[in-house]
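Chain residues, written in single-letter form:
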Amino acid sequence: MTVALSNLPMLETERLILRAPRASDFPALAPFIMSDRSKYVGGGADKDETHAWRVLAILTGHWPLRGFGTFVLEDRKTGAPIGSAGPWYPAGWPERELGWTIWTEEAEGKGFAYEAVLELRRHTYEDLGWTTAVSYIDPKNTRSIALAERLGCALDPDAAGPDPDEPLLVYRHPSPEALA
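Once a new chain begins, its residue numbering starts again from 1 and follows that chain's sequence as written. Local features are withheld for residues below a pLDDT of 70 in this predicted model, meaning they are given only at 70 or higher, and side-chain atom pairs are given and counted only at 80 or more; totals for whole chains, interfaces and linings count all residues. Excluded from the side-chain calculations are hydrogens and water; all other atoms, namely the structure's heavy atoms, are used.

K.L.:
Honestly, the nonpolar core in this entry has me stumped. Any pointers?
P.N.:
The biggest cluster of nonpolar side chains holds 29 residues, and the ones touching the most others in it are Leu16, Leu18, Leu73, Trp100, Ala116 and Leu120. For this core, the secondary-structure elements that each account for two or more residues are β2 (16-19), β3 (71-75), β4 (81-88), β5 (97-102), α3 (112-127) and α4 (142-150). The element best represented in this core is α3, accounting for six residues. Whether two residues are in contact is decided by their heavy atoms, any of which lying within 4.5 Å being enough. The residues touching Ala116, leaving out its near neighbours within four places in the chain, are Leu16, Leu18, Leu73 and Ala85. Counting residues in hydrophobic clusters, the runner-up holds 13 residues, among them Ala30, Ile33, Leu56 and Trp88. Residues grouped as a nonpolar core are buried Ala, Val, Leu, Ile, Met, Phe, Trp, Tyr and Cys residues, joined through side-chain atoms within 4.5 Å. Any residue under 20% of the maximum accessible area for its type is buried, any over 50% is exposed, and the rest in between are partly exposed; the area is computed with a 1.4 Å probe on protein chains only. Segments assigned H or I by DSSP are reported as helices when at least four residues long, segments assigned E as strands when at least two residues long, and all are numbered from the N terminus.

The structure is reproduced here in structure tokens:
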């Protein structure tokens, strides 16, 4: 028997369906997590399927624990899962975060993360009632830095990151008032 998360929101954009994670996403997620493309999100070529499975379990488990979580980005045209993005606030995080990853090289550079995060930021502000959000980004992750800046985020040098031993940049999203 497979149990699915029920009663979770599903969001849509022009090209994406943003939905809860499922076990069937594992074949798309695992190669990403086990590649160097995931080095900025806790994966890497030194990781294995066991680690990748735990990542999927963490993404899934956050939903019932917090009432919100990371959505899987499903390409409306192909039905394929191509990444994940969403609100994130695990224990130990100083602030609520909006995070993103694109799992497949074929989907990179096509604006999918930008499209998803715009909708997710609207969702977190309007539906979840957040008044602020940050994105924690590795200083070497130039693609995510560029995306944060394209989203109108500003570097917040006074904000704390989740781990003092791992210096991450903190990009603050525009407030709901600034976006109105």
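K.L.:
I would appreciate a short explanation of the pattern of salt bridges in the present structure.
P.N.:
Where side chains of opposite charge bring their charged atoms close, a pairing between them can arise. Basic side-chain nitrogens of Lys or Arg form a salt bridge, by our definition, when they fall within 4 Å of a carboxyl oxygen of Asp or Glu. The tally for this structure, following the rule as stated, stands at eleven salt bridges. In this structure, Arg15 and Glu115 form a salt bridge, with 2.6 Å as the shortest nitrogen-oxygen distance. You can see Arg15 sitting in the loop between β1 (11-12) and β2 and its partner Glu115 sitting in helix α3, a full 100 residues away along the chain. Note that Arg122 and Glu119 form a salt bridge whose closest N and O atoms lie 2.7 Å from each other. With a gap of three residues between them, Arg122 and Glu119 both fall in helix α3, about one helical turn apart. What makes Arg122 partly exposed here is its relative accessible area of 26%. In this structure Glu119 comes out as buried when scored by relative accessible area, which is 17%. Salt bridges sharing partners connect three or more residues here, namely Glu119, Arg122, Glu126 and Asp127.

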